[in-house]
Protein chains: 2
Amino acid sequence: MNDDALHHKRKMQKRQQLQKTIVASKTEEKGLLMVHTGTGKGKSTAAFGLLFRHLSYGFKSVVIQFIKAPEWKTGEQRMVEFFPDLLEWHTLGKGFTWNTQDKQKDIESCQAAWSLALDYLNREDISLIVLDELNIALRYNYLDPDQIIRDLQQRPKMQHVVITGRNASQKLIDAADMVTEMKLIKHPFNAGIKAQKGIEY
Amino acid sequence: MNDDALHHKRKMQKRQQLQKTIVASKTEEKGLLMVHTGTGKGKSTAAFGLLFRHLSYGFKSVVIQFIKAPEWKTGEQRMVEFFPDLLEWHTLGKGFTWNTQDKQKDIESCQAAWSLALDYLNREDISLIVLDELNIALRYNYLDPDQIIRDLQQRPKMQHVVITGRNASQKLIDAADMVTEMKLIKHPFNAGIKAQKGIEY
């Protein structure tokens, strides 16, 4: 073994020891409140990746979509066909605010979606709930953040929740266990490339 | 309709017009080079969400993992069981550098993984390639970034590639069509919570 290889080996042995100490210090298990926010891509997509991972172990899961409308077909919805006994998928939005053009109806559809979410937030058998674009509903004050956070905090101890959407409220960030900002560095839409099947939807 | 509702409707009508103009200006379709980087969670998870979306439409896809070792079982690997005719999954890493402790072997395994990636980068029938944690291999100079970028640029025009891992090189960012930085705002590991099944793996 030459000097460089030996130096590398010793450095990595020290690093391994450190990693072992760190991992040993993490002992708690609990249902996580996770938030994906920011203007970049991957907020909902990462939630759906997590959803597949979850379903693959046989854990019951639910998706509730607050903004997307049922007529907008996406690839991710087809996960239900693969896990019919484990996954329930509710697309309850009415579309973008500039398409509905009716604030009162937008508010009503978000409130109806939250009312359904509450049913699942009371169920011990549901392991993961994806609340897709709930941040948008909170941003426009279509739902009361204080009430939403109280409801989330009363869910079963081991239940995981992922909330997606731009502009997550500071109150929600404070209440969350995990927050990732998907930050836009470069977006193909800005380069004249249109939304493509299997990528954006 | 009251004044507030009317004001909202008019504002949204203008916004809808603007959106239509923007969408109409995006006409190009092409295979995208996508990079998920940053210290936050969701880099690989979003790639696997994209992978499911892609497979759901019947598009052939491949995963090559540069760092993760085969003995580390994950939920996402089970996607192969659901799409046996569409998806090939290669976990070719040897584990974290602090576990292998052998720089020469790490370099060799990354080079072998790239050599396999090249086979797929030459195939017109492969619609999406996930190069999981390739950024790590580039960061440690286990692979030559200039050569990797040249190889990527010679792939079929409609083939999509997603590259994940911390510390994406600036050269790769410059060459990419889409770059998202998953920025860590809050991580449960920092609060003493351990990696949980169905969430982290």
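Position labels on residues start from 1 in each chain and follow its written sequence. Both sets of labels track the order of writing: A upward for chains, 1 upward for ligands. Confidence filtering applies because this is a predicted model: local features only for residues at pLDDT of at least 70, side-chain atom pairs given and counted only at 80 or more, and all residues used for totals across whole chains, interfaces and linings. Water and hydrogen atoms were dropped before computing side-chain values, which therefore reflect all heavy atoms in the structure.

If you check an unreviewed UniProt entry, chain A appears there as Corrinoid adenosyltransferase from Commensalibacter melissae. Taken directly from UniProt, the Subcellular location (unreviewed entry) text for chain A runs: "Cytoplasm". UniProt positions are given in the numbering used here, feature names are shortened, and annotations may be inferred rather than shown by experiment. Taken verbatim from the UniProt record of chain A, the Pathway (unreviewed entry) comment is "Cofactor biosynthesis; adenosylcobalamin biosynthesis; adenosylcobalamin from cob(II)yrinate a,c-diamide: step 2/7."

### Re the packing of aromatic side chains
Paired rings are identified among Phe, Tyr and Trp, the last through its six-membered ring, by centres lying within 6.5 Å, and are further divided according to the angle between planes into stacked (under 30 degrees), edge-to-face (over 60) and tilted (the rest). Counted by the stated rule, this structure contains 22 aromatic pairs over all chains. Ring geometry for A:Phe66 against A:Trp114: centres 6.4 Å apart, planes inclined by 35°, an arrangement best described as tilted. Residue A:Phe66 is located in the loop between β2 (61–65) and α3 (79–82), and its partner A:Trp114 is located in helix α5 (residues 103–121); the two are separated by 48 residues in the primary sequence. Judged by relative accessible area, A:Phe66 falls into the buried class, the value being 1%. Pairing A:Phe82 with B:Phe82 gives two aromatic rings, centres 6.1 Å apart and planes at 85°, and the pair type is edge-to-face. You can see A:Phe82 sitting in helix α3 and its partner B:Phe82 sitting in helix α3 (residues 79–82), one on each of two chains. Take B:Phe82: its relative accessible area is 27%, and that puts it in the partly exposed class. Three or more aromatic residues link up through ring pairs in this structure, and these residues are A:Phe52, A:Phe82, A:Phe83, B:Phe52, B:Phe82 and B:Phe83. Elements are defined by DSSP. Helices are runs of H or I of four residues or more, strands are runs of E of two residues or more, and each kind is numbered from the N terminus. Relative accessibility under 20% of the residue-type maximum defines a buried residue, over 50% an exposed one, and the middle range a partly exposed one, all with a 1.4 Å probe and only protein chains included.

### Considerations on the interface of chain A and chain B
Contact between two residues is taken to exist if any of their heavy atoms lie within 4.5 Å; hydrogens are not considered. In this complex, chain A contributes 78 residues to the contact, which on the side of chain B involves 78 residues. Buried area is calculated as the accessible area (1.4 Å probe) missing from two parts once they are joined, with the contributions of both summed. Across the chain A/chain B interface, buried area totals approximately 7,000 Å², and carbon plus sulfur atoms make up 60% of it. When the buried surface of chain A facing chain B is broken down by residue, A:Arg53, A:Trp98 and A:Gln101 rank first, second and third, together holding 11% of it. Salt bridge, as applied in this entry: a Lys or Arg side-chain nitrogen positioned within 4 Å of an Asp or Glu carboxyl oxygen. Linking chain A to chain B there are four salt bridges. For A:Asp4, the salt bridge goes to B:Lys103, with nearest N and O atoms at 3.9 Å. We define a polar contact as two N or O atoms separated by no more than 3.5 Å, with the added condition that, inside protein, one atom must be a possible hydrogen donor and the other a possible acceptor, whereas residues neighbouring each other in sequence contribute only through side-chain atom pairs. Inspection of the chain A/chain B interface yields 42 residue pairs in polar contact (both at pLDDT 80 or more). The set of elements that each furnish at least two residues to the side of chain A that touches chain B consists of α1 (3–25), α2 (43–56), α3, α4 (97–100), α5, α8 (170–175) and β6 (178–186) of chain A. The dominant element in the side of chain A that touches chain B, judged by the number of residues it contributes, is α1(A), at 11 residues. Here the side of chain A that touches chain B is built from residues that sort into 31 nonpolar, 24 polar and 23 charged. Of the pairings in the sheet, the one linking β6(A) to strand β6 (residues 178–186) of chain B comprises seven bridges and is antiparallel in character. Along β6(B), the bridge assignment pairs A:Lys186 with B:Val179. Basically, the charged four are Asp, Glu, Lys and Arg, the nonpolar ten are Ala, Val, Leu, Ile, Met, Phe, Trp, Tyr, Cys and Pro, and anything else, Gly included, counts as polar. Pairs of strands are assigned from DSSP output, requiring at least two bridges between the strands.

### A closer look at the pattern of salt bridges
If the charged atoms of two oppositely charged side chains come close together, the side chains can form a pair. Counted under the stated rule, the structure contains 18 salt bridges over all chains. With its nearest N and O atoms 2.7 Å apart, the salt bridge here joins B:Glu76 to A:Arg53. Linking B:Glu76 in the loop between β2 (61–65) and α3 with A:Arg53 in helix α2, this pair reaches from one chain into another. Judged by its relative accessible area of 3%, B:Glu76 is buried. The salt bridge partner of B:Asp125 is B:Lys60, with a shortest N-O separation of 3.5 Å. With B:Asp125 in the loop between α5 (103–121) and β4 (128–132) and B:Lys60 in the loop between α2 (43–56) and β2, the pair connects residues that are 65 residues apart, well separated along the chain. For B:Lys60, a relative accessible area of 34% corresponds to the partly exposed category. Residues participating in the shared-partner salt-bridge network are A:Lys60, A:Arg123 and A:Asp125.

### With respect to the nonpolar core
The biggest cluster of nonpolar side chains holds 38 residues, and the ones touching the most others in it are A:Leu51, A:Met79, A:Leu87, B:Leu51, B:Met79 and B:Leu87. Breaking this core down by element, the ones donating at least two residues are α2, β3 (87–91) and β4 (128–132) of chain A together with α2, β3 (87–91) and β4 of chain B. Other than its neighbours up to four places away in sequence, A:Leu87 contacts A:Leu51, A:Leu55, A:Ser61, A:Val62, A:Val63, A:Met79 and A:Val80. Think of a nonpolar core as a cluster: buried Ala, Val, Leu, Ile, Met, Phe, Trp, Tyr and Cys residues, connected wherever their side-chain atoms sit within 4.5 Å.

### Some words on the relation of the copies chain A and chain B
Both copies of the chain are placed relative to one another by a rotation about an axis and a shift along it. Of the transformation superimposing chain A on chain B, the axial component is 0.0 Å and the angular component is 180°, with the fit at an RMSD of 0.0 Å. Here the symmetry operator amounts to a two-fold rotation axis. The copies were overlaid by least squares, fitting only the C-alpha atoms of residues that reach a pLDDT of 70 or more in each copy.

### A closer look at the packing of α2(A) against α2(B)
A fitted line through C-alpha atoms represents every axis, and for helices the fit uses only the stretch in contact; the resulting angles, taken between N-to-C directions, go from 0 to 180 degrees. Closest axis-to-axis distance for the α2(A)/α2(B) pair is 7 Å, and the angle between their directions is 80°. Judged on the interaxial angle alone, α2(B) and α2(A) are roughly perpendicular. For the pair α2(A) and α2(B), the contacting residues are A:Thr45, A:Ala46, A:Phe48, A:Gly49, A:Leu50, A:Phe52 and A:Arg53 in the first and B:Thr45, B:Ala46, B:Phe48, B:Gly49, B:Leu50, B:Phe52 and B:Arg53 in the second. Residues belonging to the contact of α2(A) with α2(B) are distributed by class as follows: eight nonpolar, four polar and two charged. Reported orientations rely on four angle classes, namely roughly parallel under 35 degrees, roughly antiparallel over 145, roughly perpendicular from 65 to 115, and oblique for the rest.

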